[in-house]
Amino acid sequence: MKLRALTFSSLRVSLLGIVFIAIVPAFILLLYGATYNRSHEEMKARDEALDLTKFAAGNIEQLIEGSRQVLIGISKLPAVQNYDSDACRDFLTEFNKHLPMYKNISVAKLNGDIYCSAVPLERQINVADLSWFQRAIKSKSFSIGEYKIGRISRKPVIHAALPAIDKEGHLKAVIGISIDLNWFNEQLAKIKTPDKTSVIVIDRQGTVLAHYPHPERWQGKNVAEANIVKTMLIKEEGTVEVNDIEEVNRIFSFMPIKGTEKGIFIALGISTDVAFAEANQSLIKNLIWLIIIALIASVSAWVSGDIIIMRRMKALTNATNELSIGNLSTRVNISNEKDEIGQLGQSFNKMAVALEQNITERKIAEDELEKMSLELGISLSEVFEALQKISSGDPLIKVDETSEIELIAKLKHIVNLTAENIGEIVNLSHEFAIGLTEHFDVLHRVSKGDLNAKVSGSSQVELLEYLKKVTNEMIDSISREIAERKQAEEKLKQMSHQNELILNSTGEGMLGLDIEGKHTFINPAAADMLGYRAEELLGKHSHSIWHHTKADGSPYPEEECPIYATFKDGAVHNIRDDFFWKKDNTSFPVRYVSTPIIDNGRIVGAVLSFRDVTEIKKMEEQMMNSEKLSSIGRLAAGIAHEIGNPLTSVFSFVQILRELEQDEFKKESLQTIYFHINRISGTLKQLSGYSKMPMGEPRKCNVNDIIETSINLIQYDKRAKDITIIKELSPSLPCLIVDGNQLSQVFVNLTLNALDAMPDGGALTVRSYSNSKGDFIFIDFQDTGTGIRKEDLFNIFDPFYTTKEKGTGLGLTVSYNIIKKMNGDITVESEIGKGTTFTVKIPLMNLPAAGSVLCPVCPAKS
């Protein structure tokens, strides 16, 4: 009874399911309509948020633009341009009273010191470290800073700044305005927005400048990790549905404030509860009506199903139960009805008749089958007995093949055939076993390394002969393969050794790197140049060891490294100007080639070959200097020639007019002209001397005598009055073969430069000595003067470059050129406030032949 109730219940549930399926399209249409309405409402909310955001941004932009105009006006004030702090302070104090949106207006010098402020200063304030000040200095234009607590006003503000520039375009000061952030909040509160609307204003760091409706809760907090703030800082402008800083889902419109260089952003968000309220109400109302209709349809289906279906299904079920307990004569009385259930009743009656006939026929078949089973049992017993005798070694057994069952007759015939052939099979098995034993023995010897073992026996069994052939061919193939592999291994070993010799012998540094930039091999040249042992680098990260820093001391990021770029683009990178770092933390210039290692189309590493180009750089620099000096020499010769001839005539006429003129004023004027023409003439003489600068006849000279003579020439110069000259001259120096006059000119120039560097007195030490090998002589001119700036050290040997008020800039150039023509060099070391040392380096040459004339300024010593 319980099962029958469950069946009826399932049928009714199916009928209810049909009703539900009929309602599904209406439900889908309802959802589609709701989705469309929601999309429409979302578009309206986005448009409304965009309009409100533009309106709010416009208010702030007006303040920013007004601030810029105020700053422009203040920057033009004479008090600001002239650093008149009192007048500037009085003006700003009065001016700021009328601008309540500004907490303070201040003016800072270029070093960041505030010298003028609308709010009185309690102490000296410096703003050089603040971003708004640095941007204004760098860009020379209007700039906006980030959220700060004002150092003067001590209130939450955001600074706007503008540099003050004079008529010549020089920076004079930076004017800053502290904008009151409460003014931002007041402007946001004035905007008429829908319920539950949120407005947020942030700076470029993600710090909240203003917030509506809770400014006191959020102002000054950094919310850079909030979803809306991340979106604003990345996309900068647009609309999006996202959680705000209070984790409330809203439809936001956001944009940067114009005129702030994307330093301030504003976002306005409308709550999705408000935006979708109308669409949600419409959806709920339609769902209620759909549920009511579905309930009415379900009740109707339930009642009609009981009347139309369940009554007849009960009759069909009762008949089925009778048939199941063995009453084959049962029938249903609904078979005359023409609908589907009536057709089901007719089919049931036909099934009952067929089932009754089948059971009768099955009983007859079972009796026949019992008879055949008895015969089958006897015959199988006979077959099994014969098979047992065959398996025990009696191949002569025979069984009677007659039987009424065809399968048994065939089985007996197979048993007799098996008995006839079993003897032959036993003989062949014995021979096959002997052949396999020989094969296994040969294979065992081969596995032990005996490649001369072979299968030699013959057999009439075709399979054994084929197996012998295959085994012997396999042994021959293994023998050949082992021989070839030994030859290949020997060649590979020789090639590897040869490659290692090549890598170890090359003068260039060679490095192997894997795809992670770790060392896989290092040749001795590379290890020596880098100052490491090879084992110290193997497996270590390359860039962080010897390529981590640029020549100027700034970090060298891996993503900018041309060597690592080879791993990404697979290209060969040839770099001519770079620096590598040694183990002792010193660097050297290199040129290198980074080549990718490619295996089966995949980049697996790189090979780096490099060379220390320190000496090459020096040679290139010397060649450039030589070419520059040569070009300037030709130019100097032309200038001296073109100006010198007419200057001689002018000089002569000025002398004549000066002698003839009686008027004192005109006479003094001519005297001034005469003095300056004399200066021009002196400069032209230096130019002429520099352009020609012929090497005199080299003679045997003692360098100490030349030093003594040169110092004697200038000891009565008025500049040497308060100077102590210390001579530390090595008495064992060999003689030089040089032009003594030109060398004396160099020493005089260096001595005079030292005197000019010590206007208040000091000490000049002149030192001569030779190196340990005895192939060079060195002369030091060490003063205790003011020193030379680092930026000037690179240019002091350039023609016309001078740091002295009355210098021509040719003395050091002439001296440098003289020493270079002697195959020597001049170097300089200096420190501000401590002094300068010039070192002259001259190579020793072969002495002249006997009887040569000696240099008159430095007689030879016996």
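Residues numbered from 1 in each chain as written. Predicted model: local features only at pLDDT ≥ 70, side-chain atom pairs only at ≥ 80, totals over all residues. Heavy atoms only, no water.

## Topic: the overall build of the protein
Working step 1: Counting its regular elements, the protein contains 22 helices and 22 strands.
Working step 2: Expressed as a percentage of its 862 residues, the buried residues of the protein come to 37%.
Working step 3: In the protein, the proportion of contacts linking residues at least 24 apart, taken out of those at least 6 apart, comes to 57%.
Working step 4: When the accessible area of the protein is evaluated, it comes to approximately 51,000 Å², of which 56% is carbon and sulfur surface. (Helix = DSSP H or I, 4+ residues; strand = E, 2+ residues; numbered from the N terminus. Buried < 20%, exposed > 50% of the residue type's maximum accessible area, 1.4 Å probe, protein only. Contact = heavy atoms within 4.5 Å. Areas by Shrake-Rupley, 256 points an atom, 1.4 Å probe, with all protein chains shown as cover.)

## Quick word on the sheet that holds strand 19 (residues 762-770)
Working step 1: In space, the five strands of this open sheet follow the order 17-19-20-22-21, with mixed pairing throughout. Of all the strands in the sheet, just strand 17 (723-729) and strand 21 (825-831) have a single pairing partner and so form its edges. Between one strand axis and the next, the sheet turns by 15° as a mean value, whatever way the strands run.
Working step 2: Pairing analysis gives seven bridges linking strand 21 to strand 22 (residues 835-843), with the strands arranged antiparallel. Counted as the bridge partner of Glu831 is Gly835 from strand 22.
Working step 3: Strands in contact with helix 19 (residues 703-714) are strand 17, strand 19 and strand 20 (776-783); relative to strand 17, the strand with the most contacts, it is inclined by about 170°.
Working step 4: Lying on the sheet, helix 20 (residues 740-756) is in contact with strand 17, strand 19, strand 20, strand 21 and strand 22; it crosses strand 20 at an angle near 25°. (Pairing = 2+ DSSP bridges. Axes fitted to C-alpha atoms, helices over the stretch in contact; angles between N-to-C directions.)

## Here's the deal with unusual backbone geometry
Working step 1: With an omega of 20°, the peptide bond between Tyr212 and Pro213 qualifies as cis.
Working step 2: Positive phi, normally seen in glycine, also occurs at Lys262, with a value near 55°.
Working step 3: The phi torsion at Asn600 lies on the positive side, around 55°, for a residue other than glycine.
Working step 4: Along the polypeptide, Asn600 turns up in the loop between strand 14 (587-599) and strand 15 (602-612).

## Quick notes on the sheet that holds strand 8 (residues 238-243)
Strand pairing in a sheet relies on backbone hydrogen bonds. The paired strands run either parallel or antiparallel.
Working step 1: The five strands lie next to each other as 7-6-10-9-8, forming an open sheet whose pairing is antiparallel. Of all strands in the sheet, those with a lone pairing partner are strand 7 (208-212) and strand 8, marking the two edges. The average angle at which neighbouring strand axes cross in this sheet is 20°, direction not considered.
Working step 2: Inspection of the sheet shows strand 8 paired to strand 9 (residues 249-256) by six bridges, in the antiparallel sense. The residue of strand 9 that forms the bridge with Asn243 is Asn249.
Working step 3: Each of strand 6 (197-203), strand 7 and strand 10 (264-271) is contacted by helix 5 (residues 181-189), which is oriented at about 30° to strand 7, the strand it contacts most.

## Focus: the pattern of salt bridges
Working step 1: A complete count under the given rule lists 25 salt bridges for this structure.
Working step 2: Note that Lys820 is salt-bridged to Asp825, the shortest N-O span being 3.5 Å.
Working step 3: Two residues, Lys834 and Glu831, come together in a salt bridge whose shortest N-O distance is 3.5 Å.
Working step 4: For Lys834, a relative accessible area of 58% translates into the label exposed. (Salt bridge = Lys/Arg side-chain N within 4 Å of Asp/Glu carboxyl O.)

## Brief notes about the side chain of Asp166
Working step 1: Structurally, Asp166 can be placed in the loop between strand 4 (156-165) and strand 5 (171-180).
Working step 2: It is Lys172 that comes nearest to the buried, bridge-free Asp166 among opposite-charge side chains, at 4.5 Å.
Working step 3: In terms of polar contacts, Asp166 uses its side chain to reach the backbone amide nitrogen of His170, at 2.7 Å.
Working step 4: Apart from the residues lying within four places of it in its own chain, the contact partners of Asp166 are Gln81 and Lys172. (Lys, Arg positive; Asp, Glu negative; His and termini not counted. Polar contact = N/O pair within 3.5 Å; in protein donor to acceptor, adjacent residues only side chain to side chain.)

## As for the packing of helix 19 against helix 20
Working step 1: Two elements in contact, helix 19 and helix 20, have axes whose closest approach is 9 Å; the angle formed by their N-to-C orientations is 50°. Classified by the interaxial angle, the pair formed by helix 19 and helix 20 is oblique. Note that helix 19 runs across helix 20; the crossing there is right-handed. Of the residues in helix 20, those in contact with Val703, Ile706, Ile707, Ser710, Leu713 and Ile714 of helix 19 are Gly740, Leu743, Ser744, Phe747, Val748, Thr751, Leu752 and Leu755.
Working step 2: Within the contact of helix 19 with helix 20, the residues separate by chemical class into ten nonpolar, four polar and no charged. (Parallel < 35°, antiparallel > 145°, perpendicular 65-115°, else oblique. Left-handed = near helix turned anticlockwise from the far one by under 90°. Nonpolar A, V, L, I, M, F, W, Y, C, P; charged D, E, K, R; others polar.)

## Examining empty space enclosed by the protein
Working step 1: Per the counting criterion, the structure on display carries two cavities of 30 Å³ or more.
Working step 2: If you trace the largest cavity, you find 13 residues lining it, with Ser106, Arg151, Ile152, His159 and Ser178 closest to the centre.
Working step 3: Counted by class, the lining of the largest cavity contains six nonpolar, six polar and one charged residues. (1 Å grid on protein atoms, 1.4 Å probe; cavity = no way out; pocket = protein on both sides within 12 Å on 5 of 7 lines; lining within 4 Å. Points joined across faces, edges and corners; volume = space filled by probe spheres on them.)

## Details of the state of the cysteines
Working step 1: The tally for this structure, following the rule as stated, stands at one disulfide.
Working step 2: The disulfide bridge from Cys88 ends at Cys116, spanning 2.1 Å between sulfur atoms. Disulfide Cys88 to Cys116: torsion about the S-S bond roughly -95°, handedness left-handed. In this pair, Cys88 is assigned in helix 3 (residues 85-96) and Cys116 in strand 2 (residues 114-117), connecting sequence segments 28 residues apart. For the pair shown, Cys88 and Cys116 are each scored as buried. (Disulfide = S-S within 2.5 Å.)

## Description of the packing of helix 20 against helix 22 (residues 811-821)
Working step 1: Across the interface, helix 20 lies against helix 22 with an axial gap of 9 Å and an inter-helix angle of 145°. The hand of the helix 20/helix 22 crossing is left-handed. Across the interface between the two elements, Gln742, Leu743, Gln745, Val746, Asn749, Leu750 and Asn753 from helix 20 touch Gly811, Leu812, Val814, Ser815, Ile818 and Ile819 from helix 22.
Working step 2: When grouped by side-chain class, the residues that make up the contact of helix 20 with helix 22 number seven nonpolar, six polar and no charged.

## Some words on helix 5
Side chains that are three or four residues apart share a direction in an α-helix, a result of its 3.6 residues per turn.
Working step 1: Restricting attention to buried positions, one finds in helix 5 the residues Leu181, Trp183, Phe184, Asn185, Gln187 and Leu188.
Working step 2: Where helix 5 begins, one side-chain oxygen reaches toward the backbone nitrogen of Asn182, 3.0 Å away; that side chain belongs to Asp180.

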